[in-house]
Amino acid sequence: MPILATPQTCTGCAACGNICPHNAITMSPDNDGFIMPKINPDRCVECKLCEKACPIVNGKDLKNPEIKEVYAFWDNETRTESSSGGAFSAIARWIRKRGGFVFGAAWIDGFQCLHIGCGEDLDISPLRGSKYLQSDIRKTYVEAREKLKEGKYVLFTGTPCQIAGLRSFLIKPYERLITVDIVCHGVPSNSLFSNYIEKLKKEYTEYSSAVGFEFRNLRGWGIAPGLKRVNRPMKPLIGVPNLYMAAFEKGAIFRNSCYDCHFNGLSRVGDITIADFWGIGALGIPFKQDISKGVSLILTNSEIGKSIVKELQDCFIEKREIKEAVRLNKNLVTSTDKPPYRDELIKAFNNPELSLHDINCRFHIIGTGFKDHMKNLLISTGMFWVVKSIINKLRCI
C-alpha cells in the first residue's frame, strides 16, 4: 500500500486524492475533525502516484527563491468590500480580463468552507474575505489542470500547503498558472467550526436564526466576528459566544501539521503572497496614508508575480521593507506554538454534551482583562469602529 504523510505531518492538501486515477483515496474527517486521506484497498492498484504528488512525502523543493519585492497595497475598486486592501480582487481582475479562471475559498450554505472555481461569467465576491478555517480543496486541483490544458490563465489562491499541494499535483510547471499564498496562522477544521456554530445557535437565542458568518466587519480594518441573520442586522460576537475566534487567536485549535509548517519562511511557494499589513508605519518608517479601511501586504516571489503586480490598475501601491512586513506577521516566517491543552480543547469543541460556557470554564479562553472588557463594550454599543477609525487616522499624522 502507498505510504502517505502521517497524521502529525499531513496538511490535508488533498493532492493525493486529486491525482488518484482510480478514486481509491477519499478525504474524510478523522476523530478530531481534520480531513485526512483514506485509501480503499479494493480500488488501489499501488501505482504510487499519490506518493509522488504528496508534497510532504516526495520532499520536492517547491519554494521560490527569497522574496523579490514588498508592497503596501489597496485596490480602489474593492477595498471597502475586502478584509484588508483588496489585493486578491485586484489580481483576480487581472486574470479575468484575460479570460482566466479563479480558484479560492468560499462559504457554501452559510457555514461550510470549500474551494471553488469561478470563470469570467461568475461573481468572485464569495472568494473575498478571511475564512479562519481550512477550506476543503475537493477536486479543484483537477479542475485547475483542465483549464490550464485548455490554455486558460488560472489564479489559484490558498494556504501555503494548499499551493504546495497544487504544484506537486501538477508535476510540471504551467506558464499560465498564477499562485497566491496567504500568510497563515494555522487552520481549524470545518467539523470543529460546524460544531461551534451548532452550540452557538442552540445556546443563544439571538444567534439561533443565523444564516452566515463573517470573521471581519467591513466597516473598518480588524477582526470582529459576527453572524448574518435573515432580515436583521449582523450580530457581533463578544464574550463566550466568540469562543472560536478566541481559541484561534491562541493557536489552540489547529491541525497538527500547522505547528511545524514546512511552507512558511521568506522563500514562498506562491508567485505572490498576500496578508494584512498589520503595524504598517509603526517601525519608524513613516506611512502617511489613511489605513482605516485596510492595507494589504503583497510579496512578489517570482518574476511572473512581480510583473503582474506592476500591471495592477486603479490601486495604491508603495514599496516597503521586509522587516516591517514580518514584525506583526510572525507566521510569515515561523509556525504557531502548540498550546499544551490543544488536544483536549479540540475534543471539547467536538463534544455535543459540552456547552461553550462549559468549555470556557474549563480552559479559560476568553480574556477577562480591562482591554477585553473595553473592546466588548465598544463592539456592543456600536462604537468600536468609530474609535478604531480615529486611532488609525491619528497614526497617519
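This text follows the structure it describes.
Just so it is clear, the model here is predicted, and its values are computed rather than measured.

S.K.: Got a sec to walk through the nonpolar core? Specific residues and values, please.
M.R.: Among soluble globular proteins, nonpolar side chains are generally buried collectively. In terms of nonpolar packing, the biggest core is built from 41 residues, with Phe193, Tyr196, Phe213 and Phe349 touching the most fellow members. Broken down by element, this core gets its largest block of residues, six residues, from helix α7 (residues 243–249). Beyond its immediate stretch of four places on either side in the chain, phenylalanine 349 contacts Leu192, Asn195, Tyr196, Lys199, Leu243, Tyr244, Ala247, Ile253, Leu356 and Ile359.

S.K.: Tell me about the sheet that holds strand β12 (residues 296–300), and name the residues and values.
M.R.: Pairing is mixed in the open sheet, where eight strands are placed in the order β5-β4-β6-β7-β11-β12-β3-β13. This sheet does not close on itself; its edge strands, each paired only once, are β5 (112–118) and β13 (315–319). Direction aside, the axes of adjacent strands within the sheet are offset by 25 degrees on average. Relative to β13, strand β3 (residues 69–75) is paired through five bridges, and the arrangement is antiparallel. For tyrosine 71, the partnering residue across the bridge sits in β13 and is lysine 319.

S.K.: Tell me about the environment of alanine 224, and please be specific about residues and values.
M.R.: By secondary structure assignment, the location of alanine 224 is in strand β9 (residues 223–229). In the structure, alanine 224 is positioned 59 residues away from glycine 165 in sequence and 31 Å away in space, judged by C-alpha atoms.

S.K.: Describe the pattern of salt bridges, with residues and values.
M.R.: Following the criterion strictly, the structure yields 15 salt bridges and no others. Among the salt bridges present, the one from lysine 319 reaches glutamate 69, with a minimum N-O distance of 3.4 Å. With lysine 319 in strand β13 and glutamate 69 in strand β3, the pair connects residues that are 250 residues apart, well separated along the chain. When its relative accessible area of 10% is taken as the criterion, glutamate 69 is described as buried. For arginine 320, the salt bridge is made with glutamate 324, and the minimal N-O distance between the two is 2.9 Å. Of the residues examined, arginine 320 reaches a relative accessible area of 9% and is grouped as buried. Salt bridges here are not isolated pairs; linked through shared partners, they connect Glu69, Lys306 and Lys319.

S.K.: An account of the packing of aromatic side chains is needed here, citing residue identities and associated values.
M.R.: Within this structure, the stated rule accounts for 22 aromatic pairs. Here phenylalanine 254 and tyrosine 259 contribute two aromatic rings whose centre-to-centre distance is 6.0 Å and whose plane-to-plane angle is 25 degrees, an arrangement assigned as stacked. Among the aromatic residues, those joined into a cluster by ring pairs are Trp107, Tyr132, Phe193, Tyr196, Phe213, Phe215, Tyr244, Phe248, Phe254, Tyr259 and Phe349. One residue, arginine 79, lies across the ring of tryptophan 74, its end atom 3.7 Å from the ring centre.

Reading guide: rules and limits
Residues numbered from 1 in each chain as written. Predicted model: local features only at pLDDT ≥ 70, side-chain atom pairs only at ≥ 80, totals over all residues. Heavy atoms only, no water. Core = buried A, V, L, I, M, F, W, Y, C linked by side-chain atoms within 4.5 Å. Buried < 20%, exposed > 50% of the residue type's maximum accessible area, 1.4 Å probe, protein only. Helix = DSSP H or I, 4+ residues; strand = E, 2+ residues; numbered from the N terminus. Contact = heavy atoms within 4.5 Å. Pairing = 2+ DSSP bridges. Axes fitted to C-alpha atoms, helices over the stretch in contact; angles between N-to-C directions. Salt bridge = Lys/Arg side-chain N within 4 Å of Asp/Glu carboxyl O. Phe/Tyr/Trp six-rings, centres within 6.5 Å; stacked < 30°, edge-to-face > 60°. Lys NZ or Arg CZ within 6 Å of the ring centre and 35° of its normal.

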